[in-house]
Amino acid sequence: MSNLPPYSLLELASVREGDSVGATLANSVAYAQHAEHLGFKRFWLAEHHNMEGISSSATSVLIGHIAGKTRYIRVGSGGVMLPNHPPLVIAEQFGTLESLYPGRIDLGLGRAPGTDPITARALRRDGLGAEQFPEDVAKLQALLGPLQPGQAVKAIPGAGTHVPVWLLGSSIYSAQLAAMRGLPYAFAGHFAPRLYREALKVYRDNFRPSEQLKQPYAILAVPAVPADSMDEAKHLATTSYQRILALFRGQPLWMKAPVASMDGLWNAGEQAAVKDFLALQLLGDSETIRTQINDLLASVTVDELMFTVDIHDPEKRRHALDILKETRS
């Protein structure tokens, strides 16, 4: 038996250049089904808006679709960006999901808008933003909890479903809030690696037990490019390099085919910025990645690892999960 923590996946439903959204979502379903077959614990979908190349904007709809095409893997949001939504709407959506797929739904909440400022204004309610996040989390928890005598606003469905609420973050703030509220916490090391040790330590050191959770429980999300050899992994990784480079340049985020070399595609400053963004990226064959995971876990305590796998070919992407599973043997 492996002493490694459980493995899970974070999905953005990334659109390959030239593909349709329909084909993308079919690939996401096949990816989730393969993860379930291999024993991965959960499959989360991230909310992003106005980003060409990412098709997970209607997050709760996609969660329902994936949950309906799988049998027992937990499916959830990684996360719903709460400043974009009234808590009542999210309680109703996730209460419905929990009613359809009991015991399988997770509600991960983020404080960022998950988009650019113009789109954030188009989404947001009455100009309210991240400053109201703690209050909105509390409202959402109350709406998912048991009905109270005289309660005027009820989430139907939603009330009494107790959908597990997670807080997600890329800074110390959400770690402190998750600890204070006694909620499970997930750190976004797949795009913000700089503070992962500090945030996870703050969470554990300050955790207060709650009705939902008696002991701290933390996920660390990391990017991974598993392949049959290091040479192949380095080649496949150029897909994620091109993607992050496009993000920095404000270009569409289509998932592009890997290239023989990134020379000429980025300058030295861009290369350094992309590599810094992907500082926690795991790269190589199963043995190499096992070593990288053990090195990572030697410096931080986490209860679960959640991988983002940006590989252009859907079959190679599913095979990457086989390689991740091999790291546990």
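I will try to describe carefully the structure that is included in this document. In this text, all values refer to a predicted model and were calculated from it rather than measured experimentally.

Structural notes on the side chain of Arg317
By the element assignment, Arg317 lies in helix α12 (residues 314–326). If we skip the residues at most four places from it in the chain, Arg317 touches Glu11, Tyr31, Val309 and Ile311.

Quick word on the nonpolar core
Formed by 96 residues in total, the largest nonpolar core has its most connected members in Phe40, Leu107, Leu109, Leu200, Tyr203, Leu220 and Phe307. If one sorts the elements of this core by residue count, strand β7 (residues 218–226) sits on top with seven residues.

Topic: unusual backbone geometry
The omega torsion of the bond from Gly78 to Gly79 falls at 5°, within 30 degrees of zero and hence cis. Along the chain, Gly79 falls in strand β3 (residues 74–81). For the peptide bond that leads from Ile156 to Pro157, omega is -5°, which places it in the cis range. Although it is not a glycine, Ala13 sits at a positive phi angle of roughly 50°. Under the relative-accessibility criterion, Ala13 is labelled buried at 0%. Its identity as a non-glycine residue notwithstanding, Asn50 has a phi of 55°, on the positive side. Accessibility expressed as a relative area gives 60% for Asn50, which makes it exposed.

A short note on empty space enclosed by the protein
Enumeration according to the criterion identifies one cavity of 30 Å³ or more in this entry. As a volume, the largest cavity reaches approximately 140 Å³. Contributing to the lining of the largest cavity are 15 residues, with Ser14, Arg16, Asn27, Pro314 and Arg317 lying nearest its centre. Counting residues per element, the ones that place at least two in the lining of the largest cavity are α1 (21–38) and α12. With four residues, the top contributor of residues to the lining of the largest cavity is α1. When its residues are assigned to classes, the lining of the largest cavity shows five nonpolar, five polar and five charged.

Thoughts on the packing of aromatic side chains
Under the criterion given, the structure shown has 10 aromatic pairs. A centroid spacing of 5.7 Å and a plane angle of 75° characterise the contact between Tyr203 and Phe207, whose relative ring orientation is edge-to-face. One exposure class covers both Tyr203 and Phe207, and it is buried. In this structure an aromatic cluster arises from ring pairing among Tyr7, Phe40 and Phe307. Across from the ring centre of Tyr173, 3.9 Å away, lies the NZ or CZ of Arg111, which sits over that ring.

Describing helix α2 (residues 59–68)
Where burial is concerned, most of α2 is hidden: seven out of the 10 residues are buried. For α2, the full list of buried residues reads Thr59, Ser60, Leu62, Ile63, Gly64, Ile66 and Ala67. Buried residues along α2 sit in contact with α1, β2 (42–45), β3, α3 (87–100) and β4 (105–110).

Thoughts on the pattern of salt bridges
Counted under the stated rule, the structure contains 10 salt bridges. Residue Asp106 pairs with Arg74 through a salt bridge whose shortest N-O separation is 2.9 Å. A residue pair is termed long-range when its members are at least 10 positions apart, and Asp106 in strand β4 and Arg74 in strand β3 qualify at 32 residues. Pair check on accessibility: Asp106 and Arg74 agree, each one buried. For Glu270, the salt bridge is made with Arg249, and the minimal N-O distance between the two is 2.8 Å. Here Glu270, found in helix α10 (residues 268–277), pairs with Arg249, found in helix α9 (residues 238–249); they are 21 residues apart in sequence, far enough to count as distant. For Glu270, a relative accessible area of 18% puts it in the buried group. For Arg249, a relative accessible area of 38% translates into the label partly exposed. Within the structure, one salt-bridge network assembled from shared partners comprises Arg42, Arg74, Asp106 and Glu304.

A few points about the pairing of β4
Counting buried positions over the six residues of β4 gives six, a clear majority of the element. Burial of β4 is two-sided: the residues Ile105, Leu107 and Leu109 facing one way and the residues Asp106, Gly108 and Gly110 facing the other way are all buried. Summarising the sheet, β3 and β4 pair through five bridges and their orientation is parallel. By the bridge assignment for β4, Met81 is matched with Gly110. For the handedness criterion, the β-α-β arrangement of β3, α3 and β4 is classed as right-handed. In this sheet, strand β5 (residues 165–169) lies alongside β4 in parallel orientation, the contact comprising three bridges. Following the sheet pairing, Leu107 is matched in β5 by Val165.

What counts and what doesn't
- Every chain begins its residue count from 1, and numbering advances along the sequence as written.
- Per-residue local features of the predicted model are confined to residues with pLDDT of at least 70, and side-chain atom pairs are confined, for both listing and counting, to 80 or more; whole-chain, interface and lining totals are unaffected and use all residues.
- To get the side-chain values, take all heavy atoms of the structure and skip hydrogens and water.
- Each helix is a run of H or I in the DSSP string that is no shorter than four residues. Each strand is a run of E no shorter than two, and both are numbered from the N terminus.
- Should any heavy atoms of two residues lie within 4.5 Å, those residues are counted as being in contact.
- Residues grouped as a nonpolar core are buried Ala, Val, Leu, Ile, Met, Phe, Trp, Tyr and Cys residues, joined through side-chain atoms within 4.5 Å.
- Relative accessibility decides the category of a residue: with a 1.4 Å probe and only protein chains considered, values under 20% of the type maximum give buried, values over 50% give exposed, and everything between is partly exposed.
- Cavity and pocket criteria rest on a 1 Å grid covering protein atoms alone: a 1.4 Å probe that fits but cannot get out defines a cavity, protein on both sides within 12 Å along at least 5 of 7 lines defines an open pocket, and an atom within 4 Å of a point defines a lining residue.
- Grid points are joined across faces, edges and corners, and a volume is the space filled by probe spheres set on the points.
- Under the scheme applied, nonpolar residues are Ala, Val, Leu, Ile, Met, Phe, Trp, Tyr, Cys and Pro; charged residues are Asp, Glu, Lys and Arg; polar residues are all the others, including Gly.
- Aromatic pairs are defined between Phe, Tyr and Trp rings, using the six-membered ring for Trp, whenever the two ring centres lie within 6.5 Å; interplanar angles under 30 degrees are classed as stacked, those over 60 as edge-to-face, and all others as tilted.
- Lysine and arginine charges are scored as sitting over a ring when NZ or CZ, respectively, is within 6 Å of the ring centre and within 35 degrees of the ring normal.
- Only one rule defines a salt bridge in this text: a Lys or Arg side-chain nitrogen within 4 Å of an Asp or Glu carboxyl oxygen.
- Pairs of strands are assigned from DSSP output, requiring at least two bridges between the strands.
- The handedness of a crossover follows from its direction of travel: if, with the strands pointing away from the viewer, the path from the first strand over the helix to the second runs clockwise, the crossover is right-handed.

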